[in-house]
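A look at the structure
One letter stands for each residue in the lines below.
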Amino acid sequence: MMKAYLAALLLGLSVLSVAHAEQAPTYERIAFSVKAAQEVPNDMLTAVLYAEQQGQDTAALANTVNQTTTWALDIAKQANTVTSRTLDYTTNPIYGENGKVSGWQVRQSIQLKSQDSKALSGLLGQLQEKLRIEGISYSVSPEVQASTEKALIDQALKTFKERAEQMKTGMGRHEYRVVRLDVQAANDYFQPPIMMRAMADAAPAAAPAPPALEGGKQNLQVNVQAEIELSIN
């Protein structure tokens, strides 16, 4: 009696399972990508300068470099729209033709950042009296990048929804569901720092000409990689 009851129960569960499987919708997976982009100005300028001395007396060399760096930072602090900070400080040996140490090189670098190209250019003209410019680079400020990417993400997601709806309607399906959504921010701009050492070496020490600064523009973009499933029944 018990065996007959269990057999009937299992048969009933099997029939329910088959019926449920027949009613549950099946899906077809589609992958696609969309993107949103916007051109923005490079509003942040970064310049690296250095003080350098060579000779035999490392203490005297370090003292001169430290004084020059302090002089430069004091001038830089007077420019309200420019931020400054020290970078690497190095003491390296200089080798002669015989492979032995013939002297020492002491070097200290500073970094200047500003969104005011006119102020930074004028400051560089002053500092070239005692420092040399190693390089100048351009970028988008964090504030502009964050606000632009936020708007681009909204735009890219709107385009994704429109594309998904288009595929659903075009394929004659009732619904779609999102399987994967990968949102990534990127840009297509790369500019290595403009090396200025040769210009600085050739410039007169007393009255160097300030460099002309023009940051240009770059494209910020957001890419969305998506996978959706379209209902089949």
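See the structure printed just above.
Everything in this summary refers to the structure shown in the same document. (Residues numbered from 1 in each chain as written. Predicted model: local features only at pLDDT ≥ 70, side-chain atom pairs only at ≥ 80, totals over all residues. Heavy atoms only, no water.)

**Some points on the overall build of the protein**
- Assigned secondary structure in the protein consists of five helices and eight strands.
- Along the protein, helices and strands appear, N-terminal first, in the series α-β-β-α-β-β-α-β-α-β-β-α-β.
- Counting only carbon and sulfur atoms, one obtains 53% of the accessible surface of the protein, whose full area is about 14,300 Å². (Helix = DSSP H or I, 4+ residues; strand = E, 2+ residues; numbered from the N terminus. Areas by Shrake-Rupley, 256 points an atom, 1.4 Å probe, with all protein chains shown as cover.)

**Structural notes on the sheet that holds strand β1 (residues 27-41)**
- Across the sheet, three strands lie side by side as β1-β8-β6; this open sheet has antiparallel pairing. The open sheet has two edge strands, β1 and β6 (176-187), and neither has a second partner. Across the sheet, the mean angle from the axis of one strand to that of its neighbour is 15°, orientation sign disregarded.
- Of the pairings in the sheet, the one linking β1 to strand β8 (residues 217-231) comprises 15 bridges and is antiparallel in character. When the sheet's bridge partners are listed, R29 is paired in β8 with E229.
- On the sheet, helix α4 (residues 142-170) packs against β1, β6 and β8 and is oriented at approximately 150° with respect to β1. (Pairing = 2+ DSSP bridges. Axes fitted to C-alpha atoms, helices over the stretch in contact; angles between N-to-C directions. Contact = heavy atoms within 4.5 Å.)

**Let's talk about the pattern of salt bridges**
- Per the stated rule, a full pass over the model turns up eight salt bridges.
- Measuring nitrogen to oxygen at the nearest pair gives 3.2 Å for the salt bridge that ties R173 to E28. In this pair, R173 is assigned in the loop between α4 and β6 and E28 in strand β1, connecting sequence segments 145 residues apart.
- Residue R173 is classed as buried on the basis of its relative accessible area, which comes to 19%.
- With relative accessibility at 32%, the residue E28 sits in the partly exposed group.
- A salt bridge links R107 to E134; its shortest N-O distance comes to 2.4 Å. Taken together, the positions of R107 in strand β4 (residues 101-114) and E134 in strand β5 (residues 132-139) put the pair 27 residues apart, joining distant regions of the chain.
- With a relative accessible area of 28%, E134 lands in the partly exposed category. (Salt bridge = Lys/Arg side-chain N within 4 Å of Asp/Glu carboxyl O. Buried < 20%, exposed > 50% of the residue type's maximum accessible area, 1.4 Å probe, protein only.)

**Regarding the packing of helix α2 (residues 58-76) against helix α3 (residues 117-127)**
- Close contact between α2 and α3 brings their axes to 10 Å; oriented N to C, the two are set at 155°. For the element pair α2 / α3, the angle class is roughly antiparallel. You can see that α2 and α3 cross each other, and the crossing is right-handed. Across the interface between the two elements, W71, A72, I75 and A76 from α2 touch L123, Q126 and L127 from α3.
- Of the residues belonging to the contact of α2 with α3, the class tally is six nonpolar, one polar and no charged. (Parallel < 35°, antiparallel > 145°, perpendicular 65-115°, else oblique. Left-handed = near helix turned anticlockwise from the far one by under 90°. Nonpolar A, V, L, I, M, F, W, Y, C, P; charged D, E, K, R; others polar.)

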